[in-house]
Amino acid sequence: MSTFHWPSLAYSLLGPIAINVASQLLGWDDARTGISVAIFLGLLLVRGRIDRAAILLAGVAEVIFLSDPWVYWVALPVTFVAVAWWATAGNSAALTAASITPRTDRAVVPAAQGDVDRYLARDYEVVASSDVTGEGFATIFTYLLSKDRRSYAVATDRVRCIASPFGDRVLVSISHANSIVHPRELRQWVYEDSMTVTMDAHAEALKTLAGLGHQPDLLHPEDVLPFSIAVDEASKEYALGHRWEYFRAMLLGFLGLPVPNTNRIRDDEKTRKRVEAWSGS
């Protein structure tokens, strides 16, 4: 349920580093270097809390660079890890505070109505909804079940997600993946901002799993909400119980690198090894 969508911390650090390296190689004076970095950091002003921290970090780092470049190069990795740890601690607190409360209706948050309409056009049906709250946000999750009852979707303004149950395990295709999940969750990150790509990627993953001898279970409409909440709660508890793994995943995300358990499910050796570990968890 995290809202960190792209590696702004790395973006704010690597950009100034590139400018600073160029300034040394090209012989720029301090004023030109400072102005270049200031313009670069201005690109981040429209972002959120972590981005503001990144701006502050890069600004302080730039002052250090202009006064003593060698101190800058030594302090930078330490400071980066420290800020990444701070961001992870903040996300952990937000994760702890997040809660899901079932609703009695089938509500849809307005920003997710477009996705719901697309699901309905692909023969999904709305079966439930829930209120989801956390630090500084409140939204609605709308749950839809596929016609064959082997997949369900969670429509919200925060994430796009399609899942299929396999006993107490689950296959998840999701638009944002910057944390760890329970080993019983086989996840693939579908980063393209396209409902069609997400649905096709999930269908392809199901086909791959079928070829490996794994067929999804049937879900009754009334089972979708409790099953989905159980998946979310299991991932939440796993993340909070494995802080080092959580920090490592967040650090990779900050650097713009894929976090564990996010690769596309394809008919290849890497997927086969992942499926073996998942099915034996």
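What counts and how
- Residues numbered from 1 in each chain as written.
- Predicted model: local features only at pLDDT ≥ 70, side-chain atom pairs only at ≥ 80, totals over all residues.
- Heavy atoms only, no water.
- Buried < 20%, exposed > 50% of the residue type's maximum accessible area, 1.4 Å probe, protein only.
- Helix = DSSP H or I, 4+ residues; strand = E, 2+ residues; numbered from the N terminus.
- Arc of directions from axis to C-beta.
- Contact = heavy atoms within 4.5 Å.
- 1 Å grid on protein atoms, 1.4 Å probe; cavity = no way out; pocket = protein on both sides within 12 Å on 5 of 7 lines; lining within 4 Å.
- Points joined across faces, edges and corners; volume = space filled by probe spheres on them.
- Nonpolar A, V, L, I, M, F, W, Y, C, P; charged D, E, K, R; others polar.

K.L.:
Teacher, can you tell me more about helix 5 (residues 113-121) here?
P.N.:
An α-helical turn contains 3.6 residues, so any two residues separated by three or four positions project in the same direction. Within helix 5 the residues assigned to the buried category are Asp115, Val116 and Tyr119. The buried residues of helix 5 occupy an angular sector of 100° when the element is viewed end-on, so they sit on one face. Contact partners of the buried residues in helix 5: strand 2 (125-134), strand 3 (137-145), strand 4 (152-155), strand 5 (160-166) and helix 6 (195-211). Trailing helix 5 by a residue or two, Asp123 shows a phi angle of about 70°, which is positive.

K.L.:
Where do I start with the layout of surface pockets in this structure?
P.N.:
Over the atoms, a rolled probe matching the size of one water molecule traces out where space is still vacant. Its boundaries defined by the atoms lining it, the second largest pocket holds a volume of some 360 Å³. In terms of lining residues, the second largest pocket is bounded by 17 residues, among which Glu185, Pro260, Asn261, Thr262 and Arg274 are the most central. Examining the composition of the lining of the second largest pocket, we find that three residues originate from one element, helix 9 (residues 269-279), more than from any other. When its residues are assigned to classes, the lining of the second largest pocket shows ten nonpolar, three polar and four charged.

K.L.:
Any chance you could explain the environment of Glu245 here in plain terms?
P.N.:
Among the secondary structure elements, Glu245 is positioned in helix 8 (residues 243-254). Using a relative accessible area of 34% as the deciding quantity, one classes Glu245 as partly exposed. Separated by 15 residues in the primary sequence, Glu245 and Pro260 have C-alpha atoms spaced 9.4 Å apart. Residues within four places of Glu245 in sequence aside, it is in contact with Ile180 and Tyr238.

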